[in-house]
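Chains, contacts and geometry: an overview
The residues making up each chain are set out below.
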Amino acid sequence: MHDYLSGLNERQREAVLHCNGPIMIVAGAGSGKTKVLTTRIAHLMAHHKVDSFNILALTFTNKAAKEMKERVEKILHNTEARNLYIGTFHSVFARVLRAEAHHLGYPNSFTIYDTDDAKGVIKTVVNELNLDDKVYKPNVVYNRISSAKNALVGPEEYARDYGIQQEDLRANRPAMGQIYDAYAKRCFKNGAMDFDDLLLNMYKLLKNYPEALSKYQRKFKYILIDEYQDTNPAQYEIIKLLGAMHENICVVGDDAQSIYSFRGATIENILQFQKDYDDVKVVKLEQNYRSSQNIIHVANEVIKNNKGQIPKNLWTDNAEGEKIKLVRTASDNDEGKFVADTIKELKLRNHISNKDVAILYRTNAQSRAFEESLRRLAIPYIIYGGLSFYQRKEVKDMVAYLRVIANPKDEEALKRIINYPVRGIGKTTIDKAVIFANTHNISMWEVLVNAQQFGFKSGTLEAIDQFVTMIKMFQTELPKRNAYEIAFAVGKSTNLVKELFNDKSTEGVARYENVQELLNSIKEFTETPMNEEDGEVGDKGLGTYLQQITLLTDADNKDPDADVVKLMTIHAAKGLEFPVVFAAGLEETLFPSAMSINTREELEEERRLFYVVITRAKQKLYITHANSRYRFGSLIQNEPSRFIEEIPNEFLDRTSAGGGPRNQTGSWGGGSAFDRMRGGYGNSAQEAEKQYGAPPAKKAATPSYIAPKPAAKTVEHVPTKDFVPSDTTNLQAGQKVEHQKFGFGVVDKMEGSAHNPIATVKFELNGEKKIMLNYAKLRIVE
DNA sequence: CATCCAGGCCTTTTT
DNA sequence: GGCCTGGATG
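Analysis parameters
One numbering rule holds for all chains: residues counted from 1, following each sequence as written. Here chains are named by letter from A upward and ligands by number from 1 upward, in the order in which they appear as written. Residues qualify for local features only when their pLDDT is at least 70, as the model is predicted, and side-chain atom pairs are given and counted only at 80 or more; totals for whole chains, interfaces and linings, by contrast, use all residues. The side-chain figures draw on all heavy atoms in the structure; neither hydrogens nor water molecules are used. Think of it this way: DSSP has to see at least two bridges between two strands before they count as a pair. Runs of H or I in DSSP of at least four residues are treated as helices and runs of E of at least two as strands, each being numbered from the N terminus. Where helices are involved, their axes are fitted lines through C-alpha atoms of the stretch in contact, as for all axes, and angles between N-to-C directions lie from 0 to 180°. The near set for a molecule or strand comprises every residue that places at least one heavy atom within 4 Å of it. Each polar contact in these results corresponds to two N or O atoms within 3.5 Å; when the atoms are within protein, one needs to be able to donate a hydrogen and the other to accept it, and residues that are neighboring in sequence are counted only if both atoms are side-chain atoms. Three classes are used: nonpolar for Ala, Val, Leu, Ile, Met, Phe, Trp, Tyr, Cys and Pro, charged for Asp, Glu, Lys and Arg, and polar for all others, with Gly counted as polar. Type-normalised accessible area, obtained with a 1.4 Å probe on protein chains alone, sets the label of each residue: buried when under 20%, exposed when over 50%, and partly exposed for intermediate values. Only heavy atoms matter for contacts: two residues are in contact if any of them lie within 4.5 Å across the pair. What makes a salt bridge here is a side-chain nitrogen of Lys or Arg within 4 Å of a carboxyl oxygen of Asp or Glu, nothing more. The criterion is simple. A nonpolar core is a set of buried Ala, Val, Leu, Ile, Met, Phe, Trp, Tyr and Cys residues joined through side-chain atoms within 4.5 Å. UniProt positions are given in the numbering used here, feature names are shortened, and annotations may be inferred rather than shown by experiment. Orientation categories follow fixed angle ranges, with anything under 35 degrees roughly parallel, anything over 145 roughly antiparallel, 65 to 115 roughly perpendicular, and all other angles oblique. By the definition used in this description, the sense in which the near helix is turned from the far one sets the handedness, with an anticlockwise turn below a right angle giving left-handed and a clockwise turn giving right-handed. The disulfide criterion is simple: two cysteine sulfur atoms within 2.5 Å. Each residue carries a pLDDT score, the predictor's own confidence in it, on a scale running from 0 to 100.

If you trace the 6 strands from one edge of the open sheet to the other, you get β3-β2-β6-β7-β1-β8, paired in parallel fashion. Either end of the sheet is taken by a strand with one partner, and the two such strands are β3 (85-88) and β8 (281-285). Strand-to-strand twist in this sheet, taken as the mean axis angle between neighbours without regard to direction, amounts to 15°. Where strand β2 (residues 55-59) meets β3, 4 bridges bridge the pair, whose relative direction is parallel. Residue pairing for β3: T59 is matched across the bridge by T88.

The following block contains the structure:
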């Protein structure tokens, strides 16, 4: 008997001990599924002597993957776990595709486009197809293409599908298929895959290249999948192909926690799994080890309102616990204050640490009020979500250089840096280069390399030549140097780092620090040992690094153990647990979202989301909602969420804060926070000021005695019919000139350098203007 | 060619 | 309330 088995309950042990054949573990919230998964992996290795190289575990987030790996290591007391293939679908497939790229015609240093890059490509092709970008908004198009890919519908299938055509026609977007096709072709030409391509191409690889299929089928003898309820059809088909040889597939999921249908996830996968294999073992984990009885009761009551679930009965041995506190506040700011005050109270009286607390909400925009109130009480916090470190402008700029060096076909990256820092290759030149590239069916990079054949002006040509020479220089260094050395050299010779260093504004300093941090991260990457395998390009090279960082999220850079209050969306909180949870913004139109109340399916997903947030809490759960809040800059009134009514009254402890009548303070911490906040609508601002001090200075309002600056209206001038700009190199004071917009005038004086001459012109209709001759077009009249 | 500002548009949720 | 885009301007 292995001692790691002793901590398991009967069902859990059953799931761990089952070795060969398909198994589905229906794991309720907090029922120890990670424990089961990790123990199962450990058991396969320790007991069944399965080689760690032959186990594949797919997770939903990098965080989950990392945790799983660490826990297996802990159980086994050795470093064998390092060889496991554990990662997100996206990162594991990226790794495979890197090794097999040649089959699909991609370079193995293919770029992975994040959402912004992808939308950039969409903008480009919509433009090139002369379509209206108001109709074909990048967001809309991106989502449509993404859904298609997640359902394994390629551009050809898309064009052929009658139903899809009808949908697009009805939506007044008949050219969607055309855009999809152009987009896919452009990405391929750029040597780039978007997130969804990682799935789609993985599927194509396994489907169309039997030798690749059998290679990975033989490699992955055991496959485990976490958060199975959130997989989409593409992922499903890939798993089916990969597992077809051994059928040792273990999926773990909870239909009640399926919250990613907007990403193409479908619960169907759970039902289909049982149909696809004859002898699926099903194990239900129903005992919850996380939460108090009250919390579990409430969760069960809520989810009961959904139709058609896998029947299960989540129960717990834990203590009854406290009631759920339901708190109404007057405004979103009061909600913030209430939460911050309560946290302070809990720390004081209940010895709760910052890190025990999470504030969870439906939309990222809700974080603002909490940030402000936490800052006022000096409670340290961290926000998950929002921009990943690698999506910040300055970091992305630097990364774009590296991308171009690793994959010069990457047009998005190329466009980003070709004139950054400014080197005189402007929009006109870029547009021209792209058009040349399209008409000659070569990459933009190739146009630049052969620029002299395309008739650029000599100045531009020189700038292009310098740029090309620099990139080429780095490319020759590529085989000899590691990612860090290259990155460091890029920072130096582009002056990028220096430029940021010289910017002493607050943001400038932050930007400089971010780039330094980027360099550190690259260094760390090059110094961390990594398991390499035959046939893999897994090296310390730049390409590997770049592919990896695109798949990192914001959460991956944060220390999960830091003693800070955590703020995040409910989606981001999936799989996590906290002693104290604030579920905020339980209001109609916000939660459930106004976008998701039109069909039963949508509403049920919102309810599952509510279920998820409830079951994150171990001991204390607060549900808050505000009477009114700011949205899009204007104040709106919200009814309490319909989900609140689904909680039986006996589990609730109702209170209001920051206005309205006060009921009872309940059994928690004396309620002094409420006493201080009984301000009500009218004076809550003043009350707050007394408590917290004056709010941070707002931008000073324009004093009323200063008249608003009258906009200097330009008197319209219609240029002479055959307006042709003159050569103004030798323009002298006293000459009469015509300006396209300002009309006729006389040159008053000449200043500026020969490089950048500036003429002061007195116009007949528009007064005196300084005209930069390099840019403005003047016709010399006499 | 680059920068600044006004006005439009937005918000689900994420690898 | 904040971000991005596009037009005006030097």
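The next subject is the protein's contact with DNA strand B. Not every one of the 26 residues close to DNA strand B is listed here, only the nearest: R263, R362, T428, T553 and M595. A distance of 3.1 Å is found between a base oxygen of DNA strand B and a side-chain nitrogen or oxygen belonging to H90. Partitioned by chemical class, the residues of the surface near DNA strand B number 9 nonpolar, 13 polar and 4 charged.

To continue, consider the pairing of strand β11 (residues 324-331). Within β11, 7 of the 8 residues are buried, which leaves the element mostly enclosed by the surrounding structure. Looking at chain direction, β11 and strand β18 (residues 652-657) are connected through 6 bridges and run parallel. Counted as the bridge partner of V327 is T655 from β18. For β11 and strand β16 (residues 617-631), the ladder comprises 6 bridges, and the chain directions are parallel.

In terms of residue burial, helix α25 (residues 542-550) counts as a mostly covered element, since 8 of its 9 residues are buried. Where α25 is buried, its residues touch α4 (89-104), β4 (111-113), α10 (195-208), α17 (393-406), α22 (483-493) and α24 (506-527).

What follows deals with the pattern of salt bridges. Pairs can form between side chains of opposite charge once their charged atoms are near each other. Counting across every chain of the model gives 44 salt bridges. Here K325 and E322 are joined by a salt bridge, their closest N and O atoms 2.3 Å apart. By relative accessible area, which is 0% here, K325 ends up buried. By relative accessible area, which is 26% here, E322 ends up partly exposed. For R600, the salt bridge identified is with E604, shortest N-O distance 3.5 Å. Residue R600 and its partner E604 are both found in helix α26 (residues 600-614); the two are separated by 4 residues, about one turn of the helix. Here E604 falls in the buried class, since its relative accessible area comes to 10%. Among the charged side chains, a salt-bridge network with shared partners connects K33, D226, E227, D230 and K574.

Further remarks concern unusual backbone geometry. Looking along the chain, the bond that leaves F591 and enters P592 is cis, with omega of 10°. Its place among the elements puts P592 in the loop between β15 (578-583) and α26. The backbone of E227 shows a phi angle near 50°, a positive value even though the residue is not glycine. At E247, a position not held by glycine, the phi torsion is positive, near 55°. Along the polypeptide, E247 turns up in the loop between α12 (233-243) and β7 (249-253).

Ranked by internal contacts, the top residues of the largest apolar core, which has 68 residues, are I225 and L242. The greatest single-element share of this core, amounting to 9 residues, is contributed by α4. Non-local contacts of I225, meaning those with residues more than four positions away in its chain, are made with L58, F89, T231, I239, I249, C250, V251 and V252. Grouped together as the second largest cluster of nonpolar side chains are 48 residues, M444, W445, V468 and F474 included.

Attention shifts here to the UniProt feature "binding site: ATP" (unreviewed entry) in chain A. Per the UniProt record, the feature "binding site: ATP" (unreviewed entry) sits at A27, G28, A29, G30, S31, G32, K33 and T34. Tracing the backbone shows G28 in the loop between β1 (23-27) and α2 (33-46). Among residues more than four places away in sequence, those in contact with G28 are D254, Q257, L285 and L314. You can see K33 is positioned in helix α2.

Examined against the element boundaries, E100 turns out to sit in helix α4. Discounting chain neighbours no more than four positions away, the residues touching E100 are L205, K215 and Y216.

Turning our eyes to something else, we now look at the environment of A510. Among the secondary structure elements, A510 is positioned in helix α24. Between the C-alpha atom of A510 and that of E639, which follows or precedes it by 129 residues, the distance is 41 Å.

A separate point is the packing of helix α21 (residues 458-477) against α22. Between α21 and α22, the least distance of the axes is 11 Å, while the angle of their chain directions is 160°. Classified by the angle between their axes, α21 and α22 sit roughly antiparallel to one another. Relative to α22, α21 is oriented so that their crossing is right-handed. Residue-level inspection shows M470, F474 and E477 of α21 in contact with α22, the latter providing I486, A489, V490 and S493. Taken together, the residues that form the contact of α21 with α22 break down as 5 nonpolar, 1 polar and 1 charged.

On to the pairing of β16, then. Most of β16 is tucked away: 11 of the 15 residues are buried. As paired strands, β15 and β16 are joined by 5 bridges and run parallel to one another. When the bridges of β16 are listed, F578 appears paired with A617. With 4 bridges connecting them, β16 and strand β17 (residues 634-637) associate as antiparallel partners. Directly across from S628, in β17, lies its bridge partner Q637. Connecting the antiparallel pair β16 and β17 is a turn made up of 2 residues, with F632 showing a positive phi of about 55°.

Another aspect to go through is the state of the cysteines. Enumeration over the complete set of coordinates arrives at 0 disulfides. Here C250 stays free of any disulfide, with the sulfur of C19 as its closest cysteine sulfur at 11 Å.

Let us look at the confidence of the model for chain A. Of all residues in chain A, 84% attain a pLDDT of 70 or more, and the chain-wide mean is 83. When the criterion is pLDDT under 50, residues 532-538 qualifies, and its contacts beyond four places in sequence or with other chains add up to 15 contacts. Throughout residues 660-716 the model reports pLDDT below 50, and contacts reaching past four residues in sequence, or to other chains, amount to 73 contacts.

Another point: the packing of helix α15 (residues 332-350) against helix α16 (residues 367-376). In contact at an axis separation of 8 Å, α15 and α16 are set at 45° when each is read in the N-to-C sense. Between α15 and α16, the angle falls in the class oblique. The crossing of α15 and α16 is right-handed. Residue-level contacts link D332, N333, E335, G336, K337, V339, A340 and I343 of α15 to R368, A369, F370, E372, S373, L374 and R376 of α16. Its residues assigned to classes, the contact of α15 with α16 comprises 6 nonpolar, 3 polar and 6 charged.

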